[in-house]
Amino acid sequence: MMSRVLLLIIGLHAGLVHATPLVDPTRPQNTRQAVADEAMSAPRYQLQYVAIRPSGAAAVINGARVRVGDTVDGARVESIQPGRVRLRRAGKWVDLRMQYSSIRREISR
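Conventions used here
- What you see as residue numbers is a count from 1 along each chain, following the sequence as written.
- Only residues with pLDDT of at least 70 are given local features in this predicted model, and only at 80 or more are side-chain atom pairs given and counted; all residues enter the totals for whole chains, interfaces and linings.
- Each side-chain value is worked out from all heavy atoms of the structure, with water and hydrogens disregarded.
- A pair of strands is treated as paired once DSSP finds two or more bridges between them.
- Only runs of H or I of at least four residues qualify as helices and only runs of E of at least two qualify as strands under DSSP, and these elements are numbered from the N terminus.
- An axis is simply a line fitted to the C-alpha atoms; with a helix, the fit covers only the stretch in contact. Between two such axes, the angle follows the N-to-C directions and lies from 0 to 180 degrees.
- Grouping buried Ala, Val, Leu, Ile, Met, Phe, Trp, Tyr and Cys residues that are joined through side-chain atoms within 4.5 Å yields what is termed a nonpolar core.
- Remark: exposure states derive from per-residue accessible area (1.4 Å probe, protein chains only) relative to the maximum for the residue type, with buried under 20%, exposed over 50%, and partly exposed in between.
- Note on contacts: a residue pair is in contact if any heavy atoms of the two residues lie within 4.5 Å.
- Every case where a carboxyl oxygen of Asp or Glu lies within 4 Å of a side-chain nitrogen of Lys or Arg is listed as a salt bridge.

**Describing the sheet that holds strand E2 (residues 56-61)**
Then step 1. Spatial ordering of the open sheet is given by E1-E2-E3, a layout of three strands whose pairing is antiparallel. Across the chains shown, the open sheet's two edge strands, defined by having one partner strand only, are strand E1 (47-53) and strand E3 (64-66). Taking each pair of neighbouring strands and ignoring which way they run, the sheet shows an average axis angle of 15°.
Then step 2. Alignment of E1 against E2, held across six bridges, turns out to be antiparallel. Considered in E2, the bridge of Ile52 is made with Ala57.

Here it is, written out as structure tokens:
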């Protein structure tokens, strides 16, 4: 009887030990999760239009018209140049560029 109880206890203990999830030792730790977390938390910026005129530069980012000094989705517009805009968000630079097919130059008359 005592041996059966002992075998039962050992069997239950062995089941608990083997119930832990298996971990792939070749997979880098937390890299995929960190990249996924950063991608989900950082807003995506889409540069849709840039206008450089004598009166000043303006751009459309994520549907909002902005000038230098304005903020869009938590980022400050630092510079606007033909075909590109530079933002600063949380101390980091974000450079946005237009696709070449969307760049148009205005003709001065």
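**Here we look at the sheet that holds strand E6 (residues 84-89)**
Then step 1. On the basis of which strands lie adjacent, the open sheet formed by four strands has the order E4-E5-E6-E7 and antiparallel pairing. Because the sheet does not close on itself, it has two edges, and the strands there are strand E4 (71-72) and strand E7 (92-97).
Then step 2. Taken together, the two bridges between E4 and strand E5 (residues 75-81) define a ladder with antiparallel strand orientation. In the strand pairing of E5, Thr71 is matched with Arg76.

**Things to note about the nonpolar core**
Then step 1. Counting 15 residues, the largest nonpolar core has Leu47, Ile61, Val85 and Leu87 as its most contacted members.
Then step 2. Mapped by element, the contributors of at least two residues to this core are E1, E2, E5 and E6.
Then step 3. The contacts of Val85, once residues within four sequence positions are left out, are Leu47, Val50, Ala59, Ile61, Val77, Ser79, Ile80, Val94, Asp95 and Leu96.

**Describing the pattern of salt bridges**
Then step 1. As enumerated under the stated definition, the model contains two salt bridges in all.
Then step 2. A salt bridge links Arg76 to Glu78; the shortest N-O distance between them is 3.0 Å.
Then step 3. The exposure class of Arg76 is partly exposed, given its relative accessible area of 38%.
Then step 4. For Glu78, a relative accessible area of 26% translates into the label partly exposed.
Then step 5. Between Arg86 and Asp95 there is a salt bridge, with the nearest N and O atoms lying 2.9 Å from each other.
Then step 6. By relative accessible area, Asp95 is classed as partly exposed at 45%.

**Some details on the pairing of E6**
Then step 1. One ladder, built from five bridges, connects E5 with E6; its direction is antiparallel. Residue pairing across strands places Gln81 opposite Arg84, the latter belonging to E6.
Then step 2. Sheet analysis places E6 next to E7, joined by six bridges and oriented antiparallel. Residue Val85 lies in a different strand from E7, and its bridge partner there is Leu96.
Then step 3. The antiparallel hairpin formed by E6 and E7 contains two residues in its connecting segment, where Ala90 sits at a positive phi of about 55°.

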